[in-house]
Amino acid sequence: MKKNKTKIRVRYGETDKMGVVYYGNYAQYLEQGRTEWLRELGFSYRWMEENSIELPVTKLLIEYKKGAKYDDEIIVTTTLRKLPTFTIEFDYEIHNSEGELLVTASTTLVFVDMQKNKIRRAPEYLLEKLRD
């Protein structure tokens, strides 16, 4: 399935007193990976929201292997697990610049029609891009 790699530089404010990335900040790195994955397809979250679709996260699983540190360059690999239906599922790996695996993760998001405030199927424009 479609895959994207996003490079991120760890900022000082994302670390704890020991200079290691605070565990809660990894969810933001995953979001950056998803955002860039979508942008690479030609869409943005903003554009989807302007077209009445939002994508709230309904499930997040993270397994921490090793901590990233201040000023490390990390690479978030975002992979679509399967063709979306009412949900879209991603798998992630985060490596440091030496190639060490720091984190594995997965998320499930649901497509919501913002006007009706109801779950809906994945939009056809997204499915078309994924079938190419």
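What comes next concerns the included structure.

Procedures and definitions
Residues numbered from 1 in each chain as written. Predicted model: local features only at pLDDT ≥ 70, side-chain atom pairs only at ≥ 80, totals over all residues. Heavy atoms only, no water. Phe/Tyr/Trp six-rings, centres within 6.5 Å; stacked < 30°, edge-to-face > 60°. Helix = DSSP H or I, 4+ residues; strand = E, 2+ residues; numbered from the N terminus. Buried < 20%, exposed > 50% of the residue type's maximum accessible area, 1.4 Å probe, protein only. Pairing = 2+ DSSP bridges. Core = buried A, V, L, I, M, F, W, Y, C linked by side-chain atoms within 4.5 Å. Contact = heavy atoms within 4.5 Å. Salt bridge = Lys/Arg side-chain N within 4 Å of Asp/Glu carboxyl O.

Some remarks on the packing of aromatic side chains
For any pair of aromatic rings, geometry is given as the distance between the ring centres together with the angle between the planes.
Okay, step 1: Under the criterion given, the structure shown has nine aromatic pairs.
Okay, step 2: Judged by centre distance (4.7 Å) and plane angle (50°), the rings of tyrosine 22 and tyrosine 23 are tilted.
Okay, step 3: Residues phenylalanine 43 and tyrosine 125 carry aromatic rings whose centres are separated by 5.0 Å and whose planes lie at 50° to one another, so their mutual orientation is tilted. Taken as a pair, phenylalanine 43 in the loop between helix 1 (26–41) and helix 2 (45–50) and tyrosine 125 in helix 3 (residues 124–131) lie far apart in primary sequence, 82 residues in all.
Okay, step 4: A residue is classified by how much of its surface remains accessible, and phenylalanine 43, at 9% relative accessible area, is buried.
Okay, step 5: Taking relative accessible area as the criterion, tyrosine 125 reaches 24% and is therefore assigned partly exposed.

With respect to the sheet that holds strand 7 (residues 112–113)
Okay, step 1: Here we have three strands laid out as an open sheet, ordered 2-7-8, and antiparallel in their pairing. Only two strands of the sheet have a single partner each, and these edge strands are strand 2 (53–54) and strand 8 (118–119).
Okay, step 2: Bridge analysis of strand 7 against strand 8 gives two bridges, and the strand direction is antiparallel. Counted as the bridge partner of valine 112 is isoleucine 119 from strand 8.

Quick look at the nonpolar core
Okay, step 1: Judged by nonpolar contacts, the single largest core of 31 residues is most densely connected at Tyr29, Trp37, Ile74, Ile88, Ile94, Phe111 and Leu126.
Okay, step 2: Contributions of two or more residues to this core are made by helix 1, helix 2, strand 4 (73–80), strand 5 (87–96), strand 6 (101–110) and helix 3.
Okay, step 3: If we skip the residues at most four places from it in the chain, leucine 126 touches Leu38, Leu41, Phe43, Ile88 and Phe111.

Section: the pattern of salt bridges
Okay, step 1: One pass over the structure, following the stated rule, counts nine salt bridges.
Okay, step 2: We note a salt bridge from arginine 81 to aspartate 91, for which the minimum N-O separation is 2.5 Å. Of this pair, arginine 81 sits in the loop between strand 4 and strand 5 while aspartate 91 sits in strand 5, and the two are ten residues apart along the sequence.
Okay, step 3: Taking the relative accessible area as the measure of exposure, arginine 81 reaches 39% and is therefore partly exposed.
Okay, step 4: Among the salt bridges present, the one from glutamate 124 reaches arginine 131, with a minimum N-O distance of 2.9 Å.
Okay, step 5: For arginine 131, a relative accessible area of 52% translates into the label exposed.
Okay, step 6: When salt bridges that share partners are traced, they join Arg81, Lys82, Glu89 and Asp91 into one network.

Limitation: the analysis is restricted to geometry and does not speak to function.
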